[in-house]
Amino acid sequence: MGGGLGRKGETLLGCPFCHKGKVRVFHKEGYLQPRVSRISAGTKVRYYRMPDTYRVRENCPECGKNRKDIQRAFETGVTKEVSHEERLRRLREAGLPTRVEFEGLRI
């Protein structure tokens, strides 16, 4: 621990895909980071909140997903990729247009 950057350490989190397996991750808590601006009127310090960070250390022992996929799921929150056809079907069901027209030009 050093530099006032919050707590760091390894912990076990549930797999975002199968929710059964435990995945070992390196977790660094969020912290406040000061940024200093200096101008002729004086020095000003602003504090910015840095978010928690997770770095996946191993693959899931239950479902076999690799570290890269699990890391992407933690960062984006997306666990299932949706195909182009599925996106178009959802747009049509919602009543949104799937084609855009500009003054007679159809795209």
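Residues numbered from 1 in each chain as written. Predicted model: local features only at pLDDT ≥ 70, side-chain atom pairs only at ≥ 80, totals over all residues. Heavy atoms only, no water.

## Comments concerning the packing of aromatic side chains
Definition in use: Within 6.5 Å between ring centres, the rings of Phe, Tyr and Trp (the latter by its six-membered ring) count as paired, and their orientation is classed by plane angle as stacked under 30 degrees, edge-to-face over 60, tilted in between. Charge over a ring is defined by NZ of Lys or CZ of Arg lying within 6 Å of the ring centre and within 35 degrees of the ring normal.
Under the defined criterion, the tally for this structure stands at one aromatic pair. In this structure, R35 packs its charged tip against the face of Y48, placed 4.9 Å from the ring centre. Above the face of the F17 ring, K65 is positioned so that its terminal group lies 4.8 Å from the ring centre.

## Overview of helix α1 (residues 67–76)
Under the convention used in this document: Burial status follows relative accessibility: with a 1.4 Å probe on protein chains alone, a residue under 20% of its type maximum counts as buried, one over 50% as exposed, and anything between as partly exposed. Secondary structure elements are defined from DSSP: runs of H or I of at least 4 residues count as helices, runs of E of at least 2 residues count as strands, and each element is numbered from the N terminus. It is the directions from the helix axis to the C-beta atoms that the arc portrays. Whether two residues are in contact is decided by their heavy atoms, any of which lying within 4.5 Å being enough.
Residues I70, Q71 and A73 constitute the buried set of α1. Looking straight down α1, one finds that the buried residues subtend no more than 160 degrees of arc, so they occupy a single side. Away from its buried face by more than 90 degrees, α1 exposes K68, E75 and T76. Residues of α1 that are buried in the fold lie against β2 (22–28) and β5 (53–56).

## Let's talk about the state of the cysteines
Heads up, the condition is: The criterion for a disulfide is a pair of cysteine sulfur atoms lying within 2.5 Å.
This model, assessed by the stated rule, comprises zero disulfides. Summary of cysteine pairing: C18 is not part of a disulfide, and the nearest cysteine sulfur, belonging to C60, is at 3.7 Å.

## Digging into the sheet that holds β2
Our working rule: Two strands are counted as paired when DSSP detects at least two bridges linking them. To get an axis, a line is fitted to the C-alpha atoms, and for a helix only the part in contact is used. The angle between two axes follows their N-to-C directions and goes from 0 to 180 degrees.
Spatially, β1-β2-β5 is the arrangement adopted by the three strands of the open sheet, whose pairing is antiparallel. Strand pairing shows two members of the sheet lacking a second neighbour, β1 (8–14) and β5, which therefore form its edges. Going from strand to strand, the sheet's axes swing by 40 degrees on average, the running direction of each strand aside. In this structure, β1 lies alongside β2, joined through seven bridges in antiparallel fashion. Within β2, the residue paired with G14 across the bridge is K22.

## Quick word on the side chain of H27
Note the cut-off: Polar contact criterion, stated in full: a pair of N or O atoms within 3.5 Å, where within protein one must be able to donate a hydrogen and the other to accept it, and residues adjacent in sequence count only if both atoms are side-chain atoms.
Within the secondary structure, H27 sits in strand β2. By relative accessible area, H27 is classed as buried at 17%. At 3.4 Å, the side chain of H27 forms a polar contact with the side chain of D52. Each residue touching H27, except ones within four places of it in the same chain, is listed here: R7, K8, G9, T11, D52, T53 and Y54.

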